[in-house]
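As a plain string of letters, each chain reads:
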Amino acid sequence: MIVVFLGPPGSGKGTQAARLSARLGISAISTGDLLRQAVARGTALGEKARVVMERGELVPDELVEGVLRERLTEADCRDGFLLDGYPRNVAQAEALDAILGSTGRGLDRVINILVSEKVAVARLAGRARSERRADDDPETVRERQRVYREKTSRLVEYYRSRGLIVDIPGEGTVDEVSSAIENALKLPGAA
Ligand code: AP5
């Protein structure tokens, strides 16, 4: 199974991708995590990414695509994977189509997690207090939400026109959202 998680920053993509990964036994790949690892290692790519991420903007497509392509060659991705945070714009969606098409695969579903900006921002403010992610300060959070509205939200229609989107109400508890996703994917044992 190959599933993309879409939703604004703070919608719970990472949380839900991790839970579904555990449920299905397939890897969840977060391009944000891959980029933060590159930043922590101090690689040349990490240094380029750090500056952009600290502004809340999108890292250039070719850098992220390179990181993703490399990750997808790993053995754990052979039988499927979940994508959290990729694609972020139409060019990345087309790149993903090409990557999957080159191995005769395609997307099964796109989970679109729906939350208001107010709820998303409140969640990230809570995380800023407890986990201190570098891009969770209020100004950068506002910019990340703006970038989502301007660039990423148009992917909802891109994938809806292909019949791949499932809209999931995302303002319930983590368990409620997980159940809605499992139902939408018709997983065995889903309520
Ligand atoms: P990335 O790491 O992908 O961050 P994001 O999209 O901004 O999203 P978040 O991780 O903040 O939120 P989320 O929706 O995953 O929610 P989460 O589960 O964490 O990207 C960071 C940066 O990297 C980007 O700004 C960009 O610069 C760069 N980047 C990454 N991918 C890129 C790409 N493809 N192209 C270009 N640049 C890229 O939850 C958030 C909080 O809410 C947590 O505290 C969680 O515990 C809590 N929470 C979750 N669900 C619930 C719930 N149901 N109820 C209450 N609290 C909840």
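Please read all numbers here as calculations on a predicted model, not as lab measurements.

1. Regarding the overall build of the chain
The secondary structure content of the chain amounts to nine helices and five strands. N-terminal to C-terminal, the α/β element order of the chain is β-α-β-α-α-α-β-α-β-α-α-α-β-α. Radius of gyration (C-alpha) of the chain: 16 Å, near the 16 Å computed for a compact globule of 191 residues. Here the C-alpha coordinates of the chain stretch approximately 40 × 35 × 30 Å along the principal axes. Burial status across the chain gives 45% buried among its 191 residues. The contacts of the chain with a sequence gap of at least 6 include a subset with a gap of at least 24, amounting to 73%. Within the chain, the 29 negative side-chain charges are centred at a point lying 1 Å from the centre of the 29 positive side-chain charges.

2. Comments concerning the side chain of Lys13
Inspection of the secondary structure puts Lys13 in helix α1 (residues 13-24). Asp84 is the oppositely charged side chain nearest to the buried, salt-bridge-free Lys13, at an N-O distance of 4.9 Å. In terms of polar contacts, Lys13 uses its side chain to reach the backbone carbonyl oxygen of Gly7, at 3.1 Å. With residues near it in sequence (within four places) discarded, Lys13 still touches Phe5, Leu6, Gly7, Pro8, Asp84, Gly85 and Ile113.

3. A short note on the packing of aromatic side chains
The final tally for this structure, using the stated rule, is one aromatic pair. Between Tyr158 and Tyr159 the ring centres are 5.0 Å apart and the planes differ by 85°, which places this aromatic pair in the edge-to-face class.

4. Observations regarding the nonpolar core
With 33 residues, the main nonpolar core has Leu96, Leu107 and Tyr159 as its most contacted residues. Taken together, the elements giving at least two residues each to this core come down to β1 (2-6), α2 (31-41), α3 (44-55), α4 (61-72), β3 (81-84), α5 (90-101) and α8 (154-160). Non-local contacts of Tyr159, meaning those with residues more than four positions away in its chain, are made with Leu6, Pro87, Ala93, Leu96, Leu107, Val110, Leu164 and Ile165.

5. Brief notes about the layout of surface pockets
As a volume, the second largest pocket reaches approximately 190 Å³. Around the second largest pocket sit Leu34, Gln37, Ala38, Arg41, Thr43, Leu45, Val67, Glu70, Arg71 and Glu74, which together line it. Elements supplying a minimum of two residues to the lining of the second largest pocket: α2 and α4.

6. Re empty space enclosed by the protein
Under the definition given, this model contains one cavity of 30 Å³ or more. Of the volumes computed, that of the largest cavity is approximately 30 Å³. Those elements giving two or more residues to the lining of the largest cavity turn out to be α1 and α9 (174-184). When grouped by side-chain class, the residues that make up the lining of the largest cavity number two nonpolar, two polar and two charged.

7. Some words on the site of the ligand
What surrounds the ligand is a group of 30 residues, the closest being Thr15, Thr31, Glu57, Arg127 and Arg144. The side chain of Arg133 places a nitrogen or oxygen atom 3.0 Å from an oxygen atom of the ligand. If the ligand stood free it would expose 1,000 Å²; the protein chains cover 87% of that surface. The leading source of residues in the shell around the ligand is α2, at four residues. Split by residue class, the shell around the ligand holds 10 nonpolar, 11 polar and nine charged.

The rules we used
For every chain, the first residue of the written sequence is number 1, and numbering continues from 1 onward in sequence order. Only residues with pLDDT of 70 or above have their local features reported here, since the model is predicted, and side-chain atom pairs are shown and tallied only from 80 upward, although totals for entire chains, interfaces and linings are computed over all residues. Water and hydrogen atoms were dropped before computing side-chain values, which therefore reflect all heavy atoms in the structure. The helix count covers DSSP runs of H or I at least four residues long, the strand count covers runs of E at least two residues long, and both are numbered beginning at the N terminus. In this description the radius of gyration comes from C-alpha coordinates, and the expected globular size is given by 2.2 Å times residues to the power 0.38. The buried label applies to any residue whose accessible area, calculated with a 1.4 Å probe on protein chains only, is under 20% of its type's maximum; exposed applies above 50%, and partly exposed to all values in between. Whether two residues are in contact is decided by their heavy atoms, any of which lying within 4.5 Å being enough. In summary, the charge assignment counts Lys and Arg as positive and Asp and Glu as negative, without counting His or the chain termini. Taken as the charge location is NZ of Lys, CZ of Arg, CG of Asp or CD of Glu. The rule for a salt bridge is simple: a side-chain nitrogen of Lys or Arg has to be within 4 Å of a carboxyl oxygen of Asp or Glu. The definition of a polar contact used here is a pair of N or O atoms within 3.5 Å, where within protein one atom must be able to donate a hydrogen and the other to accept one, and adjacent residues in sequence count solely through side-chain atom pairs. Aromatic contacts are taken between Phe, Tyr and Trp rings whose centres are within 6.5 Å, Trp giving its six-membered ring; a plane angle under 30 degrees counts as stacked, one over 60 as edge-to-face, and the others as tilted. In these notes, a set of buried Ala, Val, Leu, Ile, Met, Phe, Trp, Tyr and Cys residues joined through side-chain atoms within 4.5 Å is what counts as a nonpolar core. Grid points spaced at 1 Å and placed over the protein atoms alone form the basis of the search, with a cavity being a set where a 1.4 Å probe fits but cannot get out and a pocket an open set showing protein on both sides within 12 Å along at least five of seven lines. Lining residues have an atom within 4 Å of a point. Grid points are joined across faces, edges and corners, and a volume is the space filled by probe spheres set on the points. Residues are sorted three ways: Asp, Glu, Lys and Arg are charged, Ala, Val, Leu, Ile, Met, Phe, Trp, Tyr, Cys and Pro are nonpolar, and all the rest, Gly among them, are polar. Proximity is defined per residue: if any heavy atom of the residue lies within 4 Å of a molecule or strand, that residue is considered near it. Working definition of accessibility: Shrake-Rupley area with a 1.4 Å probe, residue cover restricted to the visible protein chains.

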